[in-house]
Amino acid sequence: MARDATAIYIDDASVRALSVSGKRPRKWATEPLDPGLVRDGFIVDEPAVAARVRTLWAREQMGSGRVIAGISGINCLYRMLTLPDLPKNLLPEAVRREASRAFGVPLDQLYISWQTLPSQKQGETLVYVAAATRTTVDTIVRTLKRAGLNPYMMDIAPLAIARAPAE
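### Describing the overall build of the protein
Phase 1 of the analysis: Counting its secondary structure elements, the protein contains 4 helices and 10 strands.
Phase 2 of the analysis: Listed N to C, the secondary structure of the protein is β-β-β-β-β-α-β-β-α-β-β-α-β-α in terms of helices and strands.
Phase 3 of the analysis: With the C-alpha coordinates of the protein rotated into their principal frame, the extents come out at 55 × 40 × 25 Å.
Phase 4 of the analysis: In the protein, which comprises 167 residues, the share counted as buried stands at 35%.
Phase 5 of the analysis: A separation threshold of at least 6 residues defines the contact pool for the protein, and within that pool the share at least 24 residues apart is 58%.
Phase 6 of the analysis: Split by element, the accessible area of the protein, about 10000 Å² in all, is 55% carbon and sulfur.
Phase 7 of the analysis: With 22 positive and 17 negative side-chain charges, the protein shows a spacing of 4 Å between the two charge centroids.

Set out below in structure tokens:
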């Protein structure tokens, strides 16, 4: 059975939604936004943007309110970290400490996600870390919930686009 999903992306100019069944697009819709409601990927006026999202969902009958939310890469940070080989139970704390040093931003201001990658050198662990500001993510989540949607997953737009050709 094909997996159905709906993705939503809010940028400075519009709200865009894509509904897919498996790998096949079912419906694509867009709703323009007035200037100033979103600035550099940050939702400035949550109630107004939520109202536009509700309008789009009602007009286009996009289906379930369970959505994958895309976030702009503008307020995100990315780093490749090289760590010594560590036991798996110590790796999460080592990544957090090294990410804090590498980003130069307190981790309580960021949501981070990481993944180990194959390393060419013996005795080291290569880790890709992506971080998004909590204010940006929290604003998107609040806006979507206010619109009656349930964001169950998020992805940073540039990373999603980079993975698309492999899919």
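### Thoughts on the sheet that holds strand S7 (residues 76-84)
Phase 1 of the analysis: The strand order S7-S9-S8 describes an open sheet built from 3 strands, whose pairing is antiparallel. Two strands lie at the open edges of the sheet, namely S7 and strand S8 (110-117), each paired on one side alone. In this sheet, adjacent strand axes meet at a mean angle of 25 degrees when their direction is disregarded.
Phase 2 of the analysis: Helix-sheet contacts for helix H2 (residues 91-103) involve S7, S8 and strand S9 (124-133), and the interaxial angle to S7 is about 125 degrees.
Phase 3 of the analysis: Lying on the sheet, helix H3 (residues 134-146) is in contact with S8 and S9; it crosses S9 at an angle near 60 degrees.

### A closer look at unusual backbone geometry
Phase 1 of the analysis: Of note in the backbone geometry, aspartate 40 takes a positive phi value of approximately 55 degrees without being a glycine.
Phase 2 of the analysis: Turning to its location among the elements, aspartate 40 is positioned in the loop between strand S4 (38-39) and strand S5 (42-43).

### Topic: the sheet that holds strand S6 (residues 66-71)
Phase 1 of the analysis: With mixed pairing, 5 strands are arranged side by side in an open sheet as S3-S2-S1-S6-S10. Only two strands of the sheet have a single neighbouring strand rather than two, namely strand S3 (24-32) and strand S10 (150-156). Adjacent strand axes in the sheet meet at a mean angle of 25 degrees when their direction is disregarded.
Phase 2 of the analysis: One ladder, built from 7 bridges, connects strand S1 (residues 4-10) with strand S2 (residues 14-21); its direction is antiparallel. In the sheet register, alanine 7 faces S2, and the bridge partner there is leucine 18.
Phase 3 of the analysis: The sheet strands contacting helix H1 (residues 46-60) are S1, S2, S3 and S6, and the helix crosses S3 at an angle near 135 degrees.
Phase 4 of the analysis: Contacts from H3 reach S1, S6 and S10, with the element oriented near 145 degrees to S10.

### Some points on the environment of threonine 125
Phase 1 of the analysis: Note on placement: threonine 125 falls in strand S9.
Phase 2 of the analysis: Distance from threonine 125 to valine 95, taken between C-alpha atoms, is 10 Å for residues 30 residues apart in sequence.
Phase 3 of the analysis: Contacts of threonine 125, omitting those with residues within four sequence positions, involve Leu81, Thr82, Leu83, Pro84, Asp85, Leu86, Leu91 and Thr116.

### Considering the packing of aromatic side chains
Phase 1 of the analysis: In this structure the tally under the stated criterion is 0 aromatic pairs.
Phase 2 of the analysis: Across the ring face of tyrosine 152, the terminal group of arginine 66 is positioned such that the distance to the ring centre comes to 3.7 Å.
Phase 3 of the analysis: The ring of tyrosine 111 carries arginine 134 above its face, with NZ or CZ at 4.1 Å from the centroid.

### What to know about the nonpolar core
Phase 1 of the analysis: Within the largest apolar cluster, 27 residues are counted, with the highest numbers of intra-cluster contacts made by Ile8, Ile10, Val53, Trp57 and Leu144.
Phase 2 of the analysis: Put simply, the parts of the chain that give this core at least two residues each are S1, S2, H1, S6, S9 and H3.
Phase 3 of the analysis: Looking at which element gives the most residues to this core, the answer is H1, with 5 residues.
Phase 4 of the analysis: The residues touching isoleucine 8, leaving out its near neighbours within four places in the chain, are Val15, Arg16, Ala17, Val53, Trp57, Val67, Ile68, Ala69, Gly70, Leu144 and Leu149.

Cut-offs used in this document
Residues numbered from 1 in each chain as written. Predicted model: local features only at pLDDT ≥ 70, side-chain atom pairs only at ≥ 80, totals over all residues. Heavy atoms only, no water. Helix = DSSP H or I, 4+ residues; strand = E, 2+ residues; numbered from the N terminus. Buried < 20%, exposed > 50% of the residue type's maximum accessible area, 1.4 Å probe, protein only. Contact = heavy atoms within 4.5 Å. Areas by Shrake-Rupley, 256 points an atom, 1.4 Å probe, with all protein chains shown as cover. Lys, Arg positive; Asp, Glu negative; His and termini not counted. Charge placed at Lys NZ, Arg CZ, Asp CG, Glu CD. Pairing = 2+ DSSP bridges. Axes fitted to C-alpha atoms, helices over the stretch in contact; angles between N-to-C directions. Phe/Tyr/Trp six-rings, centres within 6.5 Å; stacked < 30°, edge-to-face > 60°. Lys NZ or Arg CZ within 6 Å of the ring centre and 35° of its normal. Core = buried A, V, L, I, M, F, W, Y, C linked by side-chain atoms within 4.5 Å.

Taken by themselves, the reported measurements are silent on function.
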